[in-house]
Every structure is written in C-alpha cells, then in structure tokens.
Amino acid sequence: KINLKIDNIAVSINGGSTILEAARKINIRIPTLCYHEDLCVAGNCRVCVVEQSGSDRLLPACAMPVSEGMEIHTNSMKVRNARKQIVELLVSEHRADCTRCYKNGKCELQELASEYIVGENGFIDLVAHKGYTIDNFSPSIIKDDSKCIRCQRCVRTCDQLQSISALTVAHKGEHMKISSFFEKPMFEVVCTNCGQCVNRCPTGALTEKTYLDEVWSSLNSDRKHVVVQTAPAVRIALGEALGMPAGEIVTGKMVSALRRLGFSSVLDTDFTADLTIIEEGNELLHRLKKVVKDKDDSVKLPMTTSCSPGWVKFIEHAFPEYLPNVSTAKSPQQMFGALAKTFYANKIGVEPENMVSVSIMPCTAKKYEADRPEMRSSGYKDVDYVLTTRELALMIKQAGIDFASLPDDEFDSIMGESSGAAVIFGATGGVMEAALRTAYEVVTGREVPFENLEITPVRGMESIREANIKIENVLPEWDFLEGVELKTCVAHGLSNAKKIMEAVRDGKAEYHFIEIMACPGGCLGGGGQPIPTSPAIRKKRSEAIYAEDRHKPIRKSHENPEVMHLYEEFLKEPLGHVSHKLLHTHYTE
Ligand code: HC0
C-alpha cells in the first residue's frame, strides 16, 4: 500500500494506482475528458492536472502513479487557472453552438466550461477559421469534426475495445484530426456502426443519427398504425436517462410511456427473441446432424449467432470465409419486423402499407441492420425506424411525461409475451444460455431441472467464456448426439470476437456454437444506451436483467404460449417454408 495525502486528507491505496484513482477513493472529484474507465490512459487533454507539494510542474492525475508521502492539491489557484485555460483553449477549437447541439445539456465540455466560467474572449475562436466536415451518410452515426476536441476516446475505443480502427488520428500539430481511412465517410469504411465511440464521445462530435421527427410524424398521422417493439436491454437502462439509478427495471413504466406517446401497438422484441431460440436452436441441431451423423462437410460448424449487427458487419469485413458459419436466423428485431407487416398486420386487419414499424434498441448498429437490403421480406421495409434508448428517453421528455410516476402497464398480446430466456438476451452469454435451456429439452425430452436453469459458466463479464456440456440420455431421434461434448464459447466486444475467430481459423479452438455480441457486456452496454456506461453501470444492468429473468413465470423460450400459437397458426414448423421466407437470410461477402 502507498500512503499519500490529497487536499490534506490521508489516503492509502495499492501501488500502481493513479492519483485520480486515489482521489476517487476519498470522493474528491478531479475533472477528466480524455480519460475513460474502459480505455487505456492517454493523458492528452490535461484537464485533470493537480499540484504536488515541492514541485513546480503540474501532474496529469489520470496518468501519474501515486508514490509514498506524496502531497497532492487538486484545488489550488495554480490548478484552477491551468484548468480554466485548458478548457478555454478546447472551447476555442470547438464549435460552441451549444443551444443547437444534439448533446446540449449532456456534453462533458459544456459542463466544464460552465464550471470554470469560460468567458467570451479567452482565445480567438479558431474553429471559425477552419474548414470542417460533417459526415452524416451513415444510417447510424453522425461525425461532426467541428465539435471534436481530439481527446481520442473514440480512436482508443475503436482500436482497443473493437479492434476495428475505423477511426484514427491523421495529420500533426494544429492540423491533427480524427479521421477515417483516406478520410472517407464512415459508411464507406470498416465501421461496424456499433456506436461505442458515440457512447464515449464527451462532446457532440459523434452522435447517433436520430429518427425522432420521422417517428413523431408517423404518430401524428391518422392513416398510420404505428407498432413499436422494445429490445431486452432497454427496460433495464431507460430509467437512467430519466433520472433513475442504474439497474432499475422499468418494463411496466416503459410500456405505459409508449402508449402515452401514441403507439398503436406496444409489443416486445423479447417475443421474437424466444422465436429466435426456436429457429436458431433447430438450425444448430440440424447442422450437428448434418456434420456428426451425415458427415456432410458442406455444412459448417461452429455456428455463430447472428443477432448482433455490429458482429455481422465485422465478420463480413474481417472473416468473410466464415460467413457460412453465421446462423441464417435473422435477429429478433428483424424477425419482429417481418412478422409485424405480415402475420400481425393480417391479425389486426391493417394493410401493411399503412403500418409503421418502430423499434427501440440499445444499439446504433440496429439502425444499419434495419436498412440492409436483406431486411425487406414482408415486401416492405420490415423495420422502418430504429430509435436508441437515449432517443426514447428524449421523446418521453419532449412529451412532458413524468416517467417515475407512471403506472406499470402490460404489453399488447399476440406478439407481446416473452420468457425469462428472452430477457437475458440483453446480457453477454444470454443467447447461449437461452438456447441451451431449450436445446436440452428438445434433445432429451426431459425438463431442465430448476436448479440447472441458470447456466452460470456462460454468465459474467469475463471477455471470453467457454462451457463444454456432455449430451447424455437423448431421445432415439437424437442418438447420434449421445455422449457428444457440446463445446460452446461466448465473447463480447469485437476485439474478443477477433481472438475467437483467429483461434478457430488457426485450428487452436474447436467449438460447436459461438455467441458473439459486438458491445462490451452485450446489448446492455450497447452504443445507444444511456451515457455514461461504465463497468460498474454495466454490472448493475446485468444484475437487473438476471433479476427480471428470475421473476418471469415462464423462463424457457419454447414454453412461450404466443410463440406456440404463432407456429400453430402461421409458421407451422421451425425451419419450415414460411420461416425460411420471413425469418432467415444469408449474408454475403
Ligand atoms: Fe440486443 Fe437482440 S438482444 S441484439 O443484444 O438477439 O440491440 O437488447 O434487441 O434483435 O432480442 C440489441 C438487446 C436486441 C435483437 C434481441 C438479439
């Protein structure tokens, strides 16, 4: 342990910790901009400077390790003046058009400028004299260079967490900027649309592309029947953007709010998450049969999940030779869209051209997924508009709804029922766990014992997790699986996905089924979730997801009565003709 004093308060902390960590331990707040808990330290903005007794130099608290006997001052005149100058300089390089900015009121630079009372004439307004670009070609992300403070959180996110490097640093000195390959629009480079950069950008330089106006105008149209679906991870995070603590489950209030906003049918992506398990689980069993029993080498294993659109875009770019391994089952969002404008429209007597399908997602890549040409199997655009959790929170505020005082409401029926297995889709490992709960019963004909419902080896926040499950006492039709050890793997964050795929490609790992989610923590840590999203917040959201699962009366996808009814009445059988037309697709290089 190292002993030091910060603002005359003694603190003891492990060696190797930084001054910033020591200060946080005793609840002293040091401002930061380039620092982010998920990323390696860069120490380039200098907003976190502090003074050390006996030294003339100011130290960056985020990068400087503690040492025995240090005496640190975080609020001296010298520190305050330095910080004020740094913030003034950053503001002078930034288009401080705050009232017209999407991040107005949620911008970290704005907060610091207000705290340090940055005046009008600190430095010449440099941004006015520079050309800058606003890239809004992507369906998911807008990049506005005039608001960039070059902290490089986005660059480190794209490199360290996602191994993509779609965003990089270009040029030097005053010309230095955050750019892409040959300064092409984000839409034309390897960006996976995951939005992790958006979630970490301290200013309005990277934001989601919003479709609020389009959704409001659909809601205001008398001719349109507007259907909304809500992703598993929205219900455990929406409250944060509306002043509630992290980890609050707000499913019922969210449904109430959506009804008050005027959506005609309030339905659930969790319904199609259950459906995904049936289709994808059967696909896995079908592939196993082809490979293990029929020795058919045209069928590929390991099968990987396909529901995270950032992951699908990543594999298309980085490992196209493995596209035949990606499950053909569409994501729950897209299964929902295809069914909404066919099965559901028919059930409620609405012409599909008069239906608008909106989804609320924790994810910016879902905006891109909905735009993909493959996603029009209803004969229309299956999902018209995708809003992030943050955009829904904004709609609720715009409508003047006091979210905290809303009563709990229930989803509409036909496509609103879901199991606990569907809810856990929102956490890394959830799809795997949900699939295993169902696959066990299909193959053995026996119920999963209650004490084994929670498959803990696939849970948690470790970056890569493996579980090998011995298949025993199977039904006669599955005899070729008797004694087989099913090898599964779960990874979250694309840098971990890359490691897994490299291991598979190099023959260093052998799996049957791999779940990959592009975002750290899975969808609960998605790029469209409330900001900040820190490791501690992800943990609370994850606990909320598993609590929601425990409280559900039905916890296995194949027991969802509305899904069973859908098969009886419309789909007839898993992997059948209708399913193939509406619920499956192929991704190409
Ligand atoms: Fe997810 Fe999904 S679980 S990708 O993480 O499969 O975004 O929450 O909606 O589609 O259901 C995100 C979350 C979804 C889909 C579901 C899957």
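Novice: Any details on the nonpolar core? Residues and values, ideally.
Specialist: Membership of the largest hydrophobic core comes to 40 residues, with the highest contact counts inside it found for Leu-167, Leu-206, Trp-311 and Ile-315. Listed by contribution, the elements that provide at least two residues to this core are helix H4 (153-161), helix H5 (196-200), helix H9 (309-318), strand S17 (485-492), helix H15 (494-505) and strand S18 (513-517). At six residues, the largest contribution of residues to this core is made by H15. The contact partners of Trp-311, leaving out residues within four places of it in the chain, are Thr-304, Thr-305, Leu-494, Ala-497, Met-501, Ile-516 and Ala-518. Counting residues in hydrophobic clusters, the runner-up holds 37 residues, among them Val-215, Val-228, Leu-387 and Ile-396.

Novice: Explain unusual backbone geometry residue by residue, including any values.
Specialist: Omega for the peptide link from Leu-301 to Pro-302 comes to 0 degrees, which places this bond in the cis form. Considering the arrangement of structural elements, one finds Pro-302 in the loop between helix H8 (269-293) and strand S13 (303-304). Omega for the peptide link from Ile-531 to Pro-532 comes to 5 degrees, which places this bond in the cis form. In this model, Ser-163 sits at a positive phi of 55 degrees, which is unusual for a non-glycine residue. Locating Ser-163 in the fold gives a position in the loop between H4 and strand S8 (168-170). Given a relative accessible area of 27%, Ser-163 falls into the partly exposed group.

Novice: Outline the site of the ligand, supporting the account with residue identities and numerical values.
Specialist: In the neighbourhood of the ligand, 16 residues make up the surrounding shell, with Ala-233, Cys-307, Gln-333, Lys-366 and Cys-523 lying closest. Within the backbone of Pro-232, one N or O atom sits 3.4 Å away from an oxygen atom of the ligand. Pro-332 places a polar main-chain atom, nitrogen or oxygen, 3.4 Å from an oxygen atom of the ligand. For the shell around the ligand, the elements supplying multiple residues, two or more each, are H8 and helix H10 (332-348).

Novice: How would you summarise the packing of H9 against H15 if you had to cite specific residues and measurements?
Specialist: Running from N to C, H9 and H15 cross one another at 45 degrees; their axes reach a closest spacing of 11 Å. With respect to their mutual orientation, H9 and H15 come out oblique. In this structure, H9 meets H15 at a crossing whose hand is right-handed. Within the contact between the two elements, H9 uses Gly-310, Trp-311, Phe-314 and Ile-315 and H15 uses Leu-494, Ala-497, Lys-498 and Met-501. In terms of residue class, the contact of H9 with H15 is made up of six nonpolar, one polar and one charged.

Novice: For the sheet that holds strand S12 (residues 265-268), give the residues involved together with the corresponding values.
Specialist: Strand order in the open sheet formed by four strands is S12-S11-S14-S15, with parallel pairing between adjacent strands. Every other strand in the sheet has two partners, leaving S12 and strand S15 (385-388) as the edge strands with one partner each. Sheet twist, expressed as the mean angle between neighbouring strand axes with direction ignored, is 25 degrees. By the bridge criterion, six bridges tie strand S11 (residues 225-230) to strand S14 (residues 355-361) in an arrangement that is parallel. Bridge pairing links Val-228 to Val-358 in S14. Contacting S11, S14 and S15, helix H6 (residues 212-219) runs over the sheet at an angle of about 120 degrees to S15. On the sheet, helix H12 (residues 389-398) packs against S14 and S15 and is oriented at approximately 85 degrees with respect to S15.

About the thresholds
- Residues numbered from 1 in each chain as written.
- Predicted model: local features only at pLDDT ≥ 70, side-chain atom pairs only at ≥ 80, totals over all residues.
- Heavy atoms only, no water.
- Core = buried A, V, L, I, M, F, W, Y, C linked by side-chain atoms within 4.5 Å.
- Buried < 20%, exposed > 50% of the residue type's maximum accessible area, 1.4 Å probe, protein only.
- Helix = DSSP H or I, 4+ residues; strand = E, 2+ residues; numbered from the N terminus.
- Contact = heavy atoms within 4.5 Å.
- Near = heavy atom within 4 Å.
- Polar contact = N/O pair within 3.5 Å; in protein donor to acceptor, adjacent residues only side chain to side chain.
- Axes fitted to C-alpha atoms, helices over the stretch in contact; angles between N-to-C directions.
- Parallel < 35°, antiparallel > 145°, perpendicular 65-115°, else oblique.
- Left-handed = near helix turned anticlockwise from the far one by under 90°.
- Nonpolar A, V, L, I, M, F, W, Y, C, P; charged D, E, K, R; others polar.
- Pairing = 2+ DSSP bridges.

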